[in-house]
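Observations on the three-dimensional arrangement
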Amino acid sequence: IMLLQLGCRHAQGYCIAKPMPGEALVAWWKHWQPPASWRQALEVDAIDHPLIFATVEHHAWLLAMEKCLDGERSTVPALSDYLRHLGLWLSTEGHRRFKHSRVILELDASYQHMCHIARELVACHAGGQSDTARARLDQLFGLQDDLKCQIQSLMASQQTLDSALFQRPIHE
């Protein structure tokens, strides 16, 4: 769905279909329908692409920290990578565009809370408190799900305000 939101309209791979003999392609093409979630996805305005990138970066940091705590990675991922883009978007474009939305205030509060926990997690890991660090990471993963819901709510509220010109369904 993220690729659709970014404007990608052509793709291939296992998510769409498993490899098949060439002679089966025409029959498959005649009957294939994209999943409903793909058909309902709206392309995100380019101004919001940094928010999508920031959420991906945020998730990547959590996965890297998990690998570190599991002993699969020797170095702690930089906390600045966790804080960078989402915080920047919130403090600039997010507050400029959504200053009257309660969702942006909730999103900002969630982000600040997550940053506090991330700092504690890194400190626990550095202090050899692996169990505490693991618990904090699990908490961050849970909060990340809440953050994603807030971001989707924020973007949905913007899409309802945008003109029909910007509400282009991915599949007509």
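The sections below set out a description of the structure shown in this document. (Residues numbered from 1 in each chain as written. Predicted model: local features only at pLDDT ≥ 70, side-chain atom pairs only at ≥ 80, totals over all residues. Heavy atoms only, no water.)

1. A closer look at the environment of Leu86
Take Leu86: it is sitting in helix α5 (residues 79–97). Judged by relative accessible area, Leu86 falls into the buried class, the value being 1%. Leu86 has contacts with Leu51, Ala54, Glu57, His58, Tyr111 and Leu147, leaving out every residue within four places of it along the chain. (Helix = DSSP H or I, 4+ residues; strand = E, 2+ residues; numbered from the N terminus. Buried < 20%, exposed > 50% of the residue type's maximum accessible area, 1.4 Å probe, protein only. Contact = heavy atoms within 4.5 Å.)

2. Observations concerning the packing of aromatic side chains
Under the criterion given, the structure shown has 3 aromatic pairs. Both rings, one in Trp28 and one in Trp29, keep their centres 6.1 Å apart while their planes meet at 50 degrees; by these two values the pair is tilted. With relative accessibility at 60%, the residue Trp29 sits in the exposed group. Site record: aromatic cluster; members linked through ring pairs are Trp28, Trp29 and Trp32. (Phe/Tyr/Trp six-rings, centres within 6.5 Å; stacked < 30°, edge-to-face > 60°.)

3. Things to note about the pattern of salt bridges
Following the criterion strictly, the structure yields 7 salt bridges and no others. A salt bridge links Asp70 to Arg134; its shortest N-O distance comes to 2.3 Å. Linking Asp70 in the loop between α4 (49–69) and α5 with Arg134 in helix α7 (residues 130–161), this pair joins segments that are 64 residues apart in sequence. Of the residues examined, Asp70 reaches a relative accessible area of 40% and is grouped as partly exposed. When the shortest N-O distance is used, the salt bridge between Glu120 and Arg136 registers 2.1 Å. Of this pair, Glu120 sits in helix α6 (residues 102–126) while Arg136 is found in helix α7, placing the two residues 16 residues apart along the sequence. What you see here is one network of salt bridges that share partners, running through Glu66, Asp70, Arg134 and Asp138. (Salt bridge = Lys/Arg side-chain N within 4 Å of Asp/Glu carboxyl O.)

4. Quick notes on α6
Structurally, the α-helix is built with 3.6 residues per turn, so residues lying three or four positions apart point the same way. With 25 residues, α6 should reach 36 Å at 1.5 Å per residue; the first-to-last C-alpha distance of 36 Å fits that figure. Listed in full, the buried residues belonging to α6 are Val103, Ile104, Leu107, Ser110, Tyr111, Met114, Cys115, Ile117, Ala118, Leu121 and Cys124. Residue Ser101 occupies the N-cap position of α6, its side-chain oxygen lying 3.1 Å from the main-chain nitrogen of Val103. (Expected span 1.5 Å × (residues − 1). Polar contact = N/O pair within 3.5 Å; in protein donor to acceptor, adjacent residues only side chain to side chain.)

5. Examining the packing of α4 against α6
A pair of packed helices is captured by two measures, namely the crossing angle of their axes and the spacing between those axes. Where α4 meets α6, the axes come as close as 12 Å, and the angle between the chain directions of the two elements is 20 degrees. Taken together, α4 and α6 sit at an angle that is classed as roughly parallel. Here α4 runs over α6; the crossing is left-handed. Mapping the contact onto sequence places His58, Trp61, Met65, Cys68 and Leu69 in α4 and Met114, Ala118, Leu121, Val122 and His125 in α6. Its residues assigned to classes, the contact of α4 with α6 comprises 8 nonpolar, 2 polar and no charged. (Axes fitted to C-alpha atoms, helices over the stretch in contact; angles between N-to-C directions. Parallel < 35°, antiparallel > 145°, perpendicular 65-115°, else oblique. Left-handed = near helix turned anticlockwise from the far one by under 90°. Nonpolar A, V, L, I, M, F, W, Y, C, P; charged D, E, K, R; others polar.)

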